[in-house]
Amino acid sequence: MNEEARLVVWVRGQVQGVGFRWFTRARALEIGGLSGFALNLDDGRVQVVAEGTRAGCQSLLDWLARGDTPGRVDGVTEIWDTPRGGYDTFAIR
């Protein structure tokens with residue numbers, strides 16, 4: 001599972017205004033080897049894009065889906081793809 005992957009996740013629930021993006025970035029950096037971003041969307045969801053090893057991306061997805069995050073996670077939707085590059089680090093947008 002060391003192949004490179006791109007993970008796009010939309011997180012639903014009470015995930016804005018609670019430090020969710022900051023903790024997501026901290027978790028991505030803790031996992032290591034991930035780049036991408038966490039972004040608040042106008043509809044109240046947070047979009048997370050992560051690129052790195054498939055195992056690293058899966059670890060981030062597992063953390064997001066567990067709900068061991070600030071706020072309240074009601075659900076996640078994910079799409080797996082091939083990496084596109086262009087990210088130097090994991091950012092908050």
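Residues numbered from 1 in each chain as written. Predicted model: local features only at pLDDT ≥ 70, side-chain atom pairs only at ≥ 80, totals over all residues. Heavy atoms only, no water.

Within an unreviewed UniProt entry, the label attached to the protein reads acylphosphatase, and the organism entered is Streptomyces albidoflavus. Listed under Catalytic activity (unreviewed entry) in UniProt, the entry text for the protein is "an acyl phosphate + H2O = a carboxylate + phosphate + H(+)". Under the Sequence similarities (unreviewed entry) heading, UniProt states for the protein: "Belongs to the acylphosphatase family." (UniProt positions renumbered as here; feature names shortened; annotations may be inferred.)

Here we take up the environment of G13. Following the sequence through the fold, G13 ends up in strand β1 (residues 4-14). The class for G13 is partly exposed, based on a relative accessible area of 27%. Residues G13 and G71, 58 residues apart in the sequence, show an inter-C-alpha distance of 7.8 Å. Apart from residues no more than four positions distant in its own chain, G13 is found in contact with G44, R72 and D74. (Helix = DSSP H or I, 4+ residues; strand = E, 2+ residues; numbered from the N terminus. Buried < 20%, exposed > 50% of the residue type's maximum accessible area, 1.4 Å probe, protein only. Contact = heavy atoms within 4.5 Å.)

Below, the discussion takes up the packing of aromatic side chains. Inspection of the entire model under this criterion finds two aromatic pairs. Summarising the aromatic geometry, the rings of W22 and F23 are spaced 5.0 Å apart at their centres and angled 80° between planes, so their arrangement reads as edge-to-face. Under the relative-accessibility criterion, F23 is labelled partly exposed at 40%. Positioned above the aromatic ring of W80, the side-chain terminus of R54 is 4.0 Å from the ring centre. In this structure, R93 is placed above the aromatic ring of F37, and the distance from its NZ or CZ to the ring centre is 4.0 Å. (Phe/Tyr/Trp six-rings, centres within 6.5 Å; stacked < 30°, edge-to-face > 60°. Lys NZ or Arg CZ within 6 Å of the ring centre and 35° of its normal.)

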